[in-house]
Amino acid sequence: MNRRRFLGLGASVLGAGALASVAVPSAAYLLREGRPGRLLDSDLDLPAAFQVPLPVPAVLQPVRTDGTNDYYEITQQTAALEILPGVRTEAWTYGGTYPGPTVVTRSGRAAVIKHRNQLPVPSVVHLHGGHTPADSDGYPIDLLLPVGSALPAASSMDGMPGMRHMAGHDLVGERTHTYPGKQRAATLWYHDHRMGFTGLGVWRGLSGFHLVHDDEEGALPLPRGERDLPLMLADRSFAADGSFKYPAADASLAVPGVVSGYMNGVLGDVILVNGAPWPRLDVDRAHYRLRLLNASNARLYRLELDPQPSGGDALVQIGSDGGLLAAPVTHDAIEIAPAERFDVVVDFSRYPPGTRVRLLNRFGSGRTAEVMRFDVSSRAVSDGATVPDKLSTVEELNPSAAVATRDFTFRRSRGDGWTINGDPYEPGRSVADPALGKVELWRFSTDLHHPVHLHLDHFQVIGRNGGDPGPWDEGWKDTVDLRPAEAVEVLVRFTDYAGTFMMHCHNLEHEDMAMMADFTVG
Ligand code: C2O
Ligand code: CU
């Protein structure tokens, strides 16, 4: 099926009205590509780039398995990590590491993960991209209170405009999340999702990969083992004492969000990949599968290899947020917004032995313009890996099947904060009631940069500003990046699980400052 045949429809359903209602921001700098936030400078000397080897997070082993389920346990705990060489950073972690351990599951088997909270703060775990029933999804006020807390801690939301206190399902010490695994192979990630404090929790270390495999993907001749690399990109800043520096609105953490100068997003001046600053990796002259995840709070990257191999098209995209594409798409550069994943294959045999290939961020400047480096060895390896012309059978949702059309505008509020359709988040107030199993057309529009994320199911982007989808919109997505004054149309169909789920901006400072909404699937 060819998306281009939707063009006419895209233009007509979008119409002039949706765009006219979007205010163009006055400050010109906010319109610059790749500048959705404000840089926070570290207070210590930063290490030289390409000194530290790329770490790969350990794979979490199940504590037991049975005919249908794999059982895991993760302890959320503080840990002293050496992120910058010779510097001690006290982090909030899953299992004592940053990133947390990688959970690897098989489609069709349920992962049952028990989290134990030994942090000094409440937490909420969300499996981003997971097709998850509501009670395991990590609703932001379903707090997991630290071991030994008195139940229930009074909510601190009362002080925040629009975040009226509403009781969630608090638990003390442990909470078990069941992920049924009714989804295809994909690169997912888990992270903190606590109401008002997600930006802080993720910044301090609460994120990890969750990879789903299936038979369809397993049958393809893609790179595997050490040549299938999850790469978690995240920018951070450091205080003089080595701790993660973050401009929280309130040092006692009673008030959510950040100080107002940073409400458009916090940008770090150190680029971490899998928790290491500007790392390097020795690569064979072979194919590598790089599962790129932008786990930054607010930073947008435009990723490019330097040098480009002769002939260009270095980045062969095989998957998106929701798993394999129908067919590969080649890119010279990839723009990746917070929470997006791009699964790409790079053939390093296209480079002469000894080439040092930098992964650059063309939206960065100075130190943030570099991400990591691949040092190509002289070892030519016949790895047997290729990227087939057909990767997967991907159902294309049909716009004419849409039973409802809904508009959601993502804008700044009049005061300090962010809104969806003019309202700051209020738990329990649902803004849409999609029926199970029906296709809907959802239209998002923005004032500034907003990466829009839906829980429960992936969607397909069918248009931008009344025209074609962009070059990075292919496949099943759960997060779509909107630039200032943009409008994007997606088709979505929620399946299997009725209940209340979230839609929100994945700029975590926007999310914490109320750019979230509930929708109720019934
Ligand atoms: Cu990655 Cu609702 O979040
Ligand atoms: Cu936003």
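Please read all numbers here as calculations on a predicted model, not as lab measurements.

## Here we look at the packing of aromatic side chains
Each aromatic ring pair is characterised by the separation of its centres together with the angle its planes make. Under the criterion given, the structure shown has 13 aromatic pairs. Pairing Phe 348 with Phe 374 gives two aromatic rings, centres 5.1 Å apart and planes at 40 degrees, and the pair type is tilted. Of this pair, Phe 348 sits in the loop between strand E23 (341–347) and strand E24 (356–361) while Phe 374 is found in strand E25 (residues 370–380), placing the two residues 26 residues apart along the sequence. Between Trp 442 and Phe 494, the aromatic rings sit 5.5 Å apart at their centres with planes inclined by 55 degrees, giving tilted as the arrangement. With Trp 442 in strand E28 (residues 439–446) and Phe 494 in the loop between strand E33 (487–493) and strand E34 (499–505), the pair connects residues that are 52 residues apart, well separated along the chain. Looking at Phe 494, the relative accessible area reads 0%, which means it is buried. Members of the aromatic cluster, connected to one another through ring pairs, are Phe 408, Phe 410, Trp 442, Phe 444, Phe 494, Phe 501 and Phe 519. The residue whose ring lies beneath Arg 367 is Trp 278, and the NZ or CZ to ring-centre distance is 3.9 Å.

## Structural notes on the confidence of the model for the chain
Averaged over all residues, the pLDDT of the chain equals 91, while 90% of them reach at least 70. Here residues 1–34 is a poorly scored stretch, pLDDT under 50, and it has 60 contacts once near neighbours within four places are set aside; other chains count. Throughout residues 157–165 the model reports pLDDT below 50, and contacts reaching past four residues in sequence, or to other chains, amount to 23 contacts.

## Some points on the side chain of Asp 347
Along the polypeptide, Asp 347 turns up in strand E23. With no salt bridge to any partner, buried Asp 347 finds its closest opposite charge in Arg 350, at an N-O distance of 5.6 Å. For Asp 347, the side chain forms a polar contact with the side chain of Ser 349, separated by 2.6 Å. Contacts of Asp 347, omitting those with residues within four sequence positions, involve Ala 286 and His 287.

## Here we look at the pattern of salt bridges
When the charged atoms of two side chains with opposite charge come close together, those side chains can pair. The tally for this structure, following the rule as stated, stands at 35 salt bridges. With a closest N to O distance of 2.8 Å, Arg 493 and Glu 395 form a salt bridge. With Arg 493 in strand E33 and Glu 395 in the loop between E25 and strand E26 (404–412), the pair connects residues that are 98 residues apart, well separated along the chain. Owing to a relative accessible area of 41%, Glu 395 belongs among the partly exposed residues under this scheme. What you see here is one network of salt bridges that share partners, running through Glu 217, Asp 228, Arg 289, Arg 291 and Asp 343.

Rules used throughout
Residues numbered from 1 in each chain as written. Chains lettered and ligands numbered in written order. Predicted model: local features only at pLDDT ≥ 70, side-chain atom pairs only at ≥ 80, totals over all residues. Heavy atoms only, no water. Phe/Tyr/Trp six-rings, centres within 6.5 Å; stacked < 30°, edge-to-face > 60°. Helix = DSSP H or I, 4+ residues; strand = E, 2+ residues; numbered from the N terminus. Buried < 20%, exposed > 50% of the residue type's maximum accessible area, 1.4 Å probe, protein only. Lys NZ or Arg CZ within 6 Å of the ring centre and 35° of its normal. pLDDT = per-residue confidence, 0-100. Contact = heavy atoms within 4.5 Å. Lys, Arg positive; Asp, Glu negative; His and termini not counted. Salt bridge = Lys/Arg side-chain N within 4 Å of Asp/Glu carboxyl O. Polar contact = N/O pair within 3.5 Å; in protein donor to acceptor, adjacent residues only side chain to side chain.

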